[in-house]
Amino acid sequence: MKEFTLPNLPYDYGALEPYIDEATLKIHHDKHHKVYCDKFNAALKSVEVKTENILEIFSKISNYPTAVRNHGGGFWNHNFYFESMTGEFKEASEFNKIFSAIESSFGSFENFKKEFSDSASALFGSGWTWLGKREDGSLVIFNTANQDNSYMDVVEENAVPILVIDVWEHAYYLKYQNRRQEYIENFFKVIDWEKINERFEEEGG
Ligand code: MN3
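What counts, and at which threshold
Residues numbered from 1 in each chain as written. Predicted model: local features only at pLDDT ≥ 70, side-chain atom pairs only at ≥ 80, totals over all residues. Heavy atoms only, no water. Buried < 20%, exposed > 50% of the residue type's maximum accessible area, 1.4 Å probe, protein only. Helix = DSSP H or I, 4+ residues; strand = E, 2+ residues; numbered from the N terminus. Pairing = 2+ DSSP bridges. Polar contact = N/O pair within 3.5 Å; in protein donor to acceptor, adjacent residues only side chain to side chain. Contact = heavy atoms within 4.5 Å. Donors = N, O, S within 2.8 Å, 3.2 Å for Na, K, Ca; no water. Axes fitted to C-alpha atoms, helices over the stretch in contact; angles between N-to-C directions. Parallel < 35°, antiparallel > 145°, perpendicular 65-115°, else oblique. Left-handed = near helix turned anticlockwise from the far one by under 90°. Nonpolar A, V, L, I, M, F, W, Y, C, P; charged D, E, K, R; others polar. Salt bridge = Lys/Arg side-chain N within 4 Å of Asp/Glu carboxyl O.

Below, the discussion takes up the pairing of strand E3 (residues 160–166). With seven of seven residues buried, E3 lies mostly within the body of the structure. Across six bridges, strand E1 (residues 127–133) lies against E3 in antiparallel orientation. By the bridge assignment for E3, lysine 133 is matched with valine 160.

Looking at the secondary structure, you find threonine 144 in strand E2 (residues 139–145). A distance of 2.8 Å separates a polar atom in the side chain of threonine 144 from a polar atom in the side chain of tryptophan 130. At 2.7 Å, the side chain of threonine 144 forms a polar contact with the backbone oxygen of aspartate 148. Leaving out residues up to four positions away in the same chain, threonine 144 has contacts with Leu123, Ser126, Gly127, Trp128, Trp130, Asn149 and Val155.

His28 (NE2), His78 (NE2), Asp166 (OD) and His170 (NE2) make up the full set of protein donors to the manganese ion, lying at 1.9 to 2.2 Å. Each donor residue of the manganese ion lies on one chain, and together they are spaced H-x49-H-x87-D-x3-H. Here histidine 28 is found in helix H1 (residues 22–45), whereas its partner histidine 78 is found in helix H3 (residues 66–82), with 50 residues between them in sequence. For the pair histidine 28 and histidine 78, a shared accessibility class is recorded, and that class is buried.

Remark: H1 packs on H3, axes separated minimally by 8 Å, with the N-to-C direction vectors making an angle of 140 degrees. Taken together, the axes of H1 and H3 are oblique relative to one another. Crossing of H1 over H3 shows left-handed handedness. Contacts from Leu25, His28, His29, His33, Tyr36, Cys37, Lys39, Phe40, Ala43 and Leu44 in H1 reach Ala67, Val68, Asn70, His71, Gly72, Gly74, Phe75, His78, Asn79, Tyr81 and Phe82 in H3. Residue classes in the contact of H1 with H3 are distributed as eleven nonpolar, nine polar and one charged.

Here we have three strands laid out as an open sheet, ordered E2-E1-E3, and antiparallel in their pairing. Either end of the sheet is taken by a strand with one partner, and the two such strands are E2 and E3. The mean angle between the axes of side-by-side strands here comes to 25 degrees, regardless of whether they run parallel or antiparallel. Where E1 meets E2, seven bridges bridge the pair, whose relative direction is antiparallel. Directly across from leucine 131, in E2, lies its bridge partner isoleucine 141. The sheet contacts of helix H8 (residues 193–202) involve E1, E2 and E3, and relative to E3 the element is tilted by about 150 degrees.

All right, on to the pattern of salt bridges then. Enumeration according to the criterion identifies ten salt bridges in this entry. Its salt-bridge partner being lysine 45, residue glutamate 3 comes within 3.0 Å of it at the nearest N-O pair. In this pair, glutamate 3 is assigned in the segment before H1 and lysine 45 in helix H1, connecting sequence segments 42 residues apart. Using a relative accessible area of 47% as the deciding quantity, one classes glutamate 3 as partly exposed. Between lysine 114 and aspartate 118 there is a salt bridge, and its shortest N-O distance comes to 2.7 Å. Pair noted here: lysine 114 and aspartate 118 are both in helix H5 (residues 109–122), with a separation of four residues, about one helical turn.

What follows is the structure in structure tokens.
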């Protein structure tokens, strides 16, 4: 079985300032994310895994110990989150495919932003708020608890993820303390819409 390795951040630690601060990003990536990666590898050693495809593992995650679910989800979700952001922000409206899909699924971009933000604010405890693409091409907003994601057979929603925000307190507490709403608002200033558009198109868009 291969070891999963911790990818570097796709930008400098300070690249998302002032919206996501350097200290938070450094601890989030180098400490929290690294622990998920290390513990995922450790958890996989205790089970018989026939595939190196992490999404295939997720599709049968109910057969695995909780440690594989929690740390495997943590490993994949954090990679996906860090890759959803950029220090070179461009408006979503510059990317026609994703922008049109958002307008047709939510009525308007502003309405999408409100629904996504409300969903992230309302999430109780620790978890993630996602934008996903369903088979019919429509977009859907949903939350998952802990480190779950929609590739897992334990999660009811099975839309393919294209964007995610981490709403665990460790993602924002150093800078924002209990002001989760402000963190969510500022997350919208670092979303990499070029990347989100690519993900949308890759999924048969
Ligand atoms: Mn996190």
